Amino acid sequence: KDVYAVIGHPIAHSKSPIIHAYFAKQTNQSIHYGRIFSELNAFKETVEQFFARGGKGLNITVPFKLEAYELAQKKTETAKLAQAANVLWYKDGELWCDNTDGAGLTRDLQRLLKHQGASLNHAKVLILGAGGAAQGVIEPLMLEKVGQITIANRTFAKAQQLVEQFKQSATSAQVLLEAIEIQDLAQSDRDSSDAFDLIINATASGLGDASPISKELLKAISNSKTLAYDMVYGKETRFMQDARELGLKASDGLGMLVEQAALAFETWRNFKGADSTLDIDGAIAAV
Ligand code: ATR
């Protein structure tokens, strides 16, 4: 059996083994996929040991994605854009890395929006938060040719920093990129045509029991077609509950996890370009 694993710190709760086992079964592949815990200062050794023993591929999760990127000898364009990697494998004697998180998110968003007869193309997107999670979604959204990205954060300066960082790519992608303090979303003179098509909660607030914006504010900046997306999974957050109570469509980030796994599986098992072969809905239901 070919051996794969996900490596992280912590790792016990990772759902990746379930997802990969599902895809393997669906496509009649004989693989073993496990979980590896790495000490914070031992990532490189752990990875080298895994491949020295014949391991075929690794998924990388928090907090090792930067280190994985630096460790690899060959990097895909997507990994270079993100400067971080969540997939490692050997090809022709060289260690390759890729980043499938961004495409995983946009594939999930496109799938959800399609149900509503919408797409990311020209969409008005609001990102709540300006930390690592928010930073990782900006390039992938621009690749899908969204029309506008508004970054709203509790701390305005951090939103402003992200806008600075991505200003050039936004100009070449013809995306309107702007920063705002979350509270100021309420003050701008809005009419219903100003509603966002997509609101992504990329703050860490869902881990507690709060939403980064009040229900009233969420109502003021959305309409019945708005998709509310929380990047965390495994939990119905306050943000998602509010959205549903307002009649919006809401989703957690489980589909993103499944899609990034599907993209890694396709690379490892040579299913490249075969988007439709893997049963995404089935895998989401299985975890
Ligand atoms: P991650 O890598 O998960 O994005 P991070 O870099 O620590 O984590 O960023 C956390 C983000 O969640 C920040 O945008 C933070 O806002 P501040 O920059 O103002 O701190 C946001 N955040 C965390 N808790 C929040 C809360 N209760 N309400 C609103 N925003 C919150």
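In this text, all values refer to a predicted model and were calculated from it rather than measured experimentally. (Residues numbered from 1 in each chain as written. Predicted model: local features only at pLDDT ≥ 70, side-chain atom pairs only at ≥ 80, totals over all residues.)

Novice: Honestly, the UniProt feature "binding site: shikimate" (unreviewed entry) in the protein chain in this entry has me stumped. Any pointers?
Specialist: UniProt tags Ser14, Lys15, Ser16, Thr61, Asn86, Asp101, Tyr233 and Gln260 as "binding site: shikimate" (unreviewed entry). Relative to the elements of secondary structure, threonine 61 occurs in the loop between strand E3 (57-60) and helix H3 (65-71). Each residue touching threonine 61, except ones within four places of it in the same chain, is listed here: Val6, Gly8, Ser14 and Asn86. One can find asparagine 86 in the loop between helix H4 (77-82) and strand E5 (87-91). Residues contacting asparagine 86, with those up to four places away along its chain left out, are Asn59, Ile60, Thr61, Lys65, Asn99, Thr100, Asp101 and Gln260. (UniProt positions renumbered as here; feature names shortened; annotations may be inferred. Helix = DSSP H or I, 4+ residues; strand = E, 2+ residues; numbered from the N terminus. Contact = placed C-beta atoms within 7 Å.)

Novice: How should I be thinking about the site of the ligand in this particular structure?
Specialist: Among the 15 residues in the neighbourhood of the ligand, the closest are listed as Gly131, Gly132, Arg154, Thr155 and Thr203. It is helix H6 (residues 132-143) that contributes the most residues to the shell around the ligand, three residues altogether. (Near = placed C-beta within 6 Å.)

Novice: Can you walk me through the domain arrangement of the protein chain in this structure?
Specialist: The accessible area lost on association of the parts is a frequent measure of interface size. Its domain assignment divides the protein chain into domain 1 (2-99) and domain 2 (103-254). Taking only C-alpha atoms, the centre of domain 1 and the centre of domain 2 are 29 Å apart. (Domains from an automatic or database assignment.)

Novice: Quick question: what am I supposed to make of the UniProt feature "domain: Quinate/shikimate 5-dehydrogenase/glutamyl-tRNA reductase" (unreviewed entry) in the protein chain here?
Specialist: Cross-referencing UniProt, the feature "domain: Quinate/shikimate 5-dehydrogenase/glutamyl-tRNA reductase" (unreviewed entry) maps to residues 113-184 in the present numbering. Within the segment residues 113-184, helix and strand shares are 46% and 24% respectively, and the terminal C-alpha atoms sit 27 Å apart.

Novice: Would you mind going over helix H9 (residues 238-245) with me for this structure?
Specialist: Of the residues making up H9, those classed as buried are Phe239, Met240, Asp242 and Ala243. Seen from one end, H9 has its buried residues packed into an arc of 160 degrees, which puts them on one side. Elements in contact with the buried residues of H9: strand E10 (198-201), helix H8 (215-220), strand E11 (227-230) and strand E12 (249-251). The positive-phi residue at the C-terminal boundary of H9 is glycine 247, with phi of around 85 degrees. (Buried ≥ 20, exposed ≤ 12 C-beta atoms within 10 Å, placed from the backbone. Arc of directions from axis to C-beta.)

Novice: Mind showing me how you'd approach unusual backbone geometry here?
Specialist: Peptide bonds are mostly trans, and most non-glycine residues show a negative phi. Residue histidine 9 is joined to proline 10 through a cis peptide bond whose omega torsion reads 10 degrees. Tracing the chain through its elements places proline 10 in the loop between strand E1 (2-8) and helix H1 (16-26). Cis peptide bonds are those with omega within 30 degrees of zero, and the linkage from valine 62 to proline 63 qualifies with 5 degrees. Mapped onto the elements of the fold, proline 63 is located in the loop between E3 and H3. One non-glycine residue with positive phi stands out, namely aspartate 92, at about 50 degrees. Along the polypeptide, aspartate 92 turns up in the loop between E5 and strand E6 (94-98). Using a count of 6 C-beta atoms within 10 Å as the deciding quantity, one classes aspartate 92 as exposed.

Novice: What exactly am I supposed to notice about helix H5 (residues 101-115) here?
Specialist: The α-helix winds at 3.6 residues per turn, so residues separated by three or four positions along the chain end up facing the same way. In a regular helix each residue adds 1.5 Å, so 15 residues correspond to 21 Å; H5 covers 22 Å between its end C-alpha atoms and thus fits that length. When H5 is considered as a whole, its buried residues turn out to be Asp101, Gly102, Gly104, Leu105, Arg107, Asp108, Leu109 and Leu113. In this fold, the buried residues of H5 make contact with H4, H6, E10, E11 and helix H10 (254-268). Looking at the residues trailing H5, positive phi occurs at glycine 117, about 70 degrees. (Expected span 1.5 Å × (residues − 1).)

Novice: For this particular structure, what's the right way to read the sheet that holds strand E9 (residues 176-181)?
Specialist: Whenever strands of a sheet pair, they do so through backbone hydrogen bonds, lying parallel or antiparallel. The strand order across the open sheet formed by six strands is E9-E8-E7-E10-E11-E12, and the pairing between neighbours is parallel. Of all strands in the sheet, those bounded by a partner on one side alone are E9 and E12. Averaged over all pairs of adjacent strands, the angle between their axes in this sheet comes to 15 degrees, without regard to strand direction. Relative to E9, strand E8 (residues 148-153) runs parallel, the two being bridged by six bridges. For asparagine 153, the partnering residue across the bridge sits in E9 and is glutamate 181. (Pairing = 2+ DSSP bridges. Axes fitted to C-alpha atoms, helices over the stretch in contact; angles between N-to-C directions.)

Novice: Any chance you could explain the sheet that holds E6 here in plain terms?
Specialist: Taken in spatial order, the six strands of this open sheet run E2-E1-E3-E5-E6-E4, and their pairing is mixed. Taken across any chain shown, the strands that pair with only one partner, and hence form the sheet edges, are strand E2 (31-37) and strand E4 (74-75). Alignment of E1 against E3, held across four bridges, turns out to be parallel. Bridged to tyrosine 4 within E3 is glycine 57. Packed onto the sheet, helix H2 (residues 43-52) meets E1, E2, E3 and E5 and runs at close to 175 degrees relative to E1. The sheet strands contacting H10 are E1, E3, E5 and E6, and the helix crosses E5 at an angle near 5 degrees.

Novice: Help me out: how do you make sense of the packing of H5 against H6 in this one?
Specialist: When two helices pack together, their arrangement is captured by the angle between the axes and the distance separating the axes. Closest axis-to-axis distance for the H5/H6 pair is 9 Å, and the angle between their directions is 65 degrees. Crossing angle aside, the handedness with which H5 passes H6 is right-handed. Here Asp101, Gly102, Ala103, Leu105 and Thr106 of H5 lie close against H6, whose contacting residues are Gly136, Val137, Glu139, Pro140 and Leu141. (Left-handed = near helix turned anticlockwise from the far one by under 90°.)

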